[in-house]
Amino acid sequence: MIKIGVINVSDRASAGIYEDIPGKAVVETLKEYLISEFETVYRVIPDEQDLISQTLIEMADVHGCCLIVTTGGTGPALRDVTPEATEAVCQKMMPGFGELMRQESLKYVPTAILSRQTAGIRNHSLIVNLPGKPKAIRQCLDAVFPAIPYCIDLIEGPYLVCNQAIMKEFRPK
C-alpha cells in the first residue's frame, strides 16, 4: 500500500484551539489528484523543531511514506522552524519546489517572499513543506505536484497515478 504522510505543524491546532483545516485540505487535495490508492499517516504537532524532525523520520523510516507533506511553520516568525527541521533530516534538498511555490504565491499576495517553503529527500521519501493557509496550500500543490510522481520514481518509491482530469503528472518519455 502506498503511504503518504501529512503533518500539520501548528501550536494552536495541536492544542485544540484551532481546527486542523490545513492538514485536512492536503488530504482532500491528494484524493482529487491521485487515482492510486494510498493510506495517509497523519499528525498534528506543535512548532517544535526536534518534534518535527522526529515525526518526519518516523514517517519516512518507520512508516515508509513515499511523500510527506507538511503545512505551516514556513514563515519568518520565531516559532516557524519547519524548514530547519526538514533540512536536518534530509540527505538532499530540492530548492526548486520552494522557488516555484513562492513564484506561484506571488501571483496572489506580495508577502509570498516571506515564505520559506522547501523540499528535500530522505532515503525513499520526498518531503514538501507547504504554507499553512488552505487556499495557499492548493495553489502551491497545483504548481509543484506535476513533478512529484516522477521525483518519487527517481528515489525508487511507488508509481503514483494521477487523475488526468484534475492533475497531469510529468514523466519524460
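Note that the structure is a prediction, hence the values are computed from the model and not measured.

### Regarding the state of the cysteines
Among covalent bonds in proteins, the disulfide is the one between the sulfur atoms of two cysteines. This model, assessed by the stated rule, comprises 0 disulfides. Not part of a disulfide, Cys140 finds its nearest cysteine sulfur in Cys151, a span of 17 Å. In this structure Cys151 is a free cysteine whose sulfur lies 10 Å from that of Cys66, the closest cysteine sulfur available.

### Concerning helix α6 (residues 134-144)
Among the residues making up α6, those that are buried are Ala136, Ile137, Gln139, Cys140, Leu141 and Val144. Turning to α6, the residues buried within the fold contact α2 (21-33), β3 (67-71), α5 (95-105), β6 (125-130) and α7 (148-154).

### Overview of the packing of helix α3 (residues 49-62) against helix α4 (residues 82-89)
For the pair α3 and α4, the least separation of the axes is 8 Å and the interaxial angle reads 45 degrees. As judged from the angle between their axes, α3 and α4 are oblique. By crossing handedness, the relation of α3 to α4 is classed as right-handed. Along the contact surface, α3 presents Gln49, Ile52, Ser53, Leu56 and Ile57, while α4 presents Thr82, Glu84, Ala85, Thr86, Ala88 and Val89. Residue composition of the contact of α3 with α4, by class: 6 nonpolar, 4 polar and 1 charged.

About the thresholds
Position numbers for residues count from 1 along each chain, tracking the sequence in the order it is written. Under the rules for a predicted model, residues below a pLDDT of 70 receive no local features and side-chain atom pairs below 80 are neither given nor counted, while totals for whole chains, interfaces and linings still include all residues. Side-chain numbers come from the whole structure's heavy atoms, not from hydrogens or water. Counting rule for disulfides: a pair of cysteine sulfur atoms within 2.5 Å. Summary of the burial criterion: residues with accessible area below 20% of their type's maximum are buried, those above 50% are exposed, and those between are partly exposed, where the area comes from a 1.4 Å probe applied to protein chains only. Numbering of helices and strands runs from the N terminus; a helix is a DSSP stretch of H or I covering at least four residues, while a strand is a stretch of E covering at least two. By the convention used here, residues are in contact when the closest approach between their heavy atoms is within 4.5 Å. Axes, fitted as lines to C-alpha atoms, cover a helix only where it is in contact. Angles between the N-to-C directions of the axes lie from 0 to 180 degrees. An angle below 35 degrees is read as roughly parallel, one above 145 as roughly antiparallel, one from 65 to 115 as roughly perpendicular, and any other as oblique. The crossing is said to be left-handed when, going from far helix to near helix, the turn is anticlockwise and less than a right angle, and right-handed when the turn is clockwise. Each residue receives one of three labels: charged for Asp, Glu, Lys and Arg, nonpolar for Ala, Val, Leu, Ile, Met, Phe, Trp, Tyr, Cys and Pro, and polar for the others, Gly being one of them.

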